[in-house]
Amino acid sequence: MATNPYLKFLVLIAAATHLAAFAAAAPADMVYRNGHVYTVDNSDSVQQALAVRDGRIAYVGDNAGAAKFIGKGTKAIDLHGRMLMPGLVDGHMHPQSGGSRLLNCSLDYEPLTVSQFQARIQACIDKEKQKGVPEDRWLLVVNWFQQGMQPDGAGTTSATLDALKTGRPVIVRSSFGHSVQLNSRAIALAGIKRDTPDPAGGIIVRDASGAATGLLEDAAQDLAMNLLPALTEAENLAASTHALDAMRRQGVTSFLDAYTDAETMTAFTVLQRQGKLTARAHFAVLIDLDQDGTPVSTVADLLRQQKKFDQGPTTRTPSMQVRHAKLFMDGVISAPAFTGAMLEPYLVNKGTAARPDWRPGPSKGPAGYFSMDALKATLAELGKAGIDPHIHADGDRAVRETLDAIEAYRASPDGERMRAVLAHDEIVAPADYSRFAKLDVTPVLSFQWAKPAADTVGALKDYLGPARYDTVEPQAVLLLAGARVAYGSDWPVDPLDVWFALKVGVTRTAAPNAGKEYAGRLTSQPGMPRAAALRAITMNAAYTLRQETMTGSLEVGKLADLVVLDRNFFTINEEDIANIKVLQTVVGGKVIYQAKGMRQETCRKHETLRLGSGAAAFDQFKPRVR
């Protein structure tokens, strides 16, 4: 691009003239007035009113200015002080998995004893038996809160499932997505024997005698998961439809599917062509060098999928983009998996349960799932292709190795163009905090993990030791170090409840009904400032999708992706953030979700519509996924 100051001046004048012409044109399609319009612009300004025309924002300002945009056919809405903000951008989720899990036997993320675990699964077996499901059909059980098994430390083996009254192969999938538990029938069908080697990037858990327990970690899951019958076209469409419904009720207007496949993209393509795609859909294709792939061949395969499914630039109508690659550097740091790659060993109890003596053990987790050379080569190939990497890094060693590779890539001629993301970052060495900003790497974090819970207090505290435990979930710490923090729900690892997640991000506290053992805050770290938490789920997440010039804030000329809330995120008690309900979700100027009590009607000039009064009117409109 030319750097001539005069040419820059002409470009700025042309842009200003275009926006002025846009704002001065015909009456708007919709006008919102008397609201707390939180813009997420560069100064986080708050306005009173907003006008939408032809799917874009035509005006943001005070009520007097908005009145000029109300014509005979304008739908004018009196917000009565309620909050209007940009639509939410979920920078890391698994929508097809989330939607399909609504179709399976679910343990609903609940902490269960072994007997409760068995009873819930037996109920599913009995129910399906009544429907005539054959005995040779796999049973997939989902949303198992493995880290929450009661009492703390309770585990499962194939014997736990063998006690059930069925001959069916059973596979129970952890909500974290990194572990599955099989019964003996499933172990046999998967061909797992005493001498079966661990696959690259995975672990076949074994007992003291060397026999497989049926617990499979990370890549080892594929030994069983690949045997499940593929979803039918109708099931895939149902999963996508359920996922979009859950999103719009939460106010999500854009998302990244952080680990996709052709079947998922096919389903979303069908919905898009039917006019039923209600969020801007972005997809990250897996890069896996362990399947006889090379950086060149795997990126070439990604580009073939991009050619088939990518629908071009962002437009008013939601469409699909395939511009990201998903890479895994490790698994998860929590017990019992310990597949997060750590700089120092996990601790083990050398004493007894009554008198514990926690000392460094033999394991620092697995080697990085990509070697340094392979990661550097893959980043180089992705850079040539114009694809942004979205990299799973949970442990501090995985984070450091990934940052090292990105630093090397940044030194290359094209290194500045890439928008690299490190997802999760549950523990980061303090020496690496500032490197996110220095290397322009965005941490995409799931704020809801930063609370006292079975997967933090129970599954991390003793195994990391006090000093390391105090650094887990460094959300505000990375922000204070200058990082551009973005949000990703990681649904269905957790229920899709972004308002609870934002509340946890601000407070670092659990839900009020979590129990006395989980009272208080997680560690001594500060919570996220409210404005930063909202920016993470709007502009910053939009940036990771290269969509920030079109969405992420309420500014003239941007696409009208917005949500109306039943209460003000900034003025309510911080614990009440979890109770926020979305009254209306709009994508490209089209209302895609609306709670009862919020009506739109065509108004004459100077007439406005009122929102139904009282939050109670909206209590029934809770997300279906909870």
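Residues numbered from 1 in each chain as written. Predicted model: local features only at pLDDT ≥ 70, side-chain atom pairs only at ≥ 80, totals over all residues. Heavy atoms only, no water.

(A) Local environment of the sheet that holds strand β10 (residues 139–144). Taken in spatial order, the six strands of this open sheet run β9-β10-β11-β12-β14-β13, and their pairing is mixed. Both edges of this open sheet fall to β9 (105–106) and β13 (202–206), since each of them pairs with a single strand only. (Pairing = 2+ DSSP bridges. Helix = DSSP H or I, 4+ residues; strand = E, 2+ residues; numbered from the N terminus.)

(B) Geometry of helix α9 (residues 262–273). A rise of 1.5 Å per residue sets the reference length of α9, with its 12 residues, at 16 Å; its end C-alpha atoms lie 16 Å apart and thus fit the reference within 8%. All of the buried residues along α9 are Thr264, Met265, Ala267, Phe268, Thr269, Leu271 and Gln272. Against the buried residues of α9 lie α3 (95–101), α8 (233–250), β15 (252–260), β16 (280–286), α10 (295–309) and β17 (320–328). Its side-chain oxygen at 3.3 Å from the backbone nitrogen of Glu263, Asp261 defines the N-terminal cap of α9. One or two steps after α9, the chain reaches Gly275, where phi turns positive at roughly 75 degrees. (Expected span 1.5 Å × (residues − 1). Buried < 20%, exposed > 50% of the residue type's maximum accessible area, 1.4 Å probe, protein only. Contact = heavy atoms within 4.5 Å. Polar contact = N/O pair within 3.5 Å; in protein donor to acceptor, adjacent residues only side chain to side chain.)

(C) Seen up close, the sheet that holds strand β3 (residues 46–47). Taken together, six strands build an open sheet; the order of strands is β3-β2-β7-β24-β25-β26 and the sheet is mixed. In this open sheet, the two strands that pair with only one neighbour each are β3 and β26 (590–594). Looking at chain direction, strand β2 (residues 36–38) and β3 are connected through two bridges and run antiparallel. For Tyr38, the partnering residue across the bridge sits in β3 and is Val46.

(D) The arrangement of the state of the cysteines in detail. Within the structure shown, the criterion is met by one disulfide. A sulfur-sulfur distance of 2.1 Å marks the disulfide that ties Cys105 to Cys124. Of note, the bridge from Cys105 to Cys124 carries an S-S torsion of about 80 degrees and is right-handed in sense. Of this pair, Cys105 sits in strand β9 while Cys124 is found in helix α4 (residues 114–130), placing the two residues 19 residues apart along the sequence. (Disulfide = S-S within 2.5 Å.)

(E) Region of the structure containing the packing of helix α11 (residues 372–385) against helix α12 (residues 396–410). Following both chains from N to C, one finds α11 and α12 inclined at 50 degrees, their axes separated by 9 Å at the closest point. Here α11 lies oblique to α12, going by the angle between them. Here the hand of the crossing between α11 and α12 comes out right-handed. Side by side, α11 and α12 meet where Met372, Leu375, Lys376, Leu379, Ala380 and Gly383 of the first sit next to Glu401, Thr402, Asp404, Ala405, Ile406, Ala408 and Tyr409 of the second. (Axes fitted to C-alpha atoms, helices over the stretch in contact; angles between N-to-C directions. Parallel < 35°, antiparallel > 145°, perpendicular 65-115°, else oblique. Left-handed = near helix turned anticlockwise from the far one by under 90°.)

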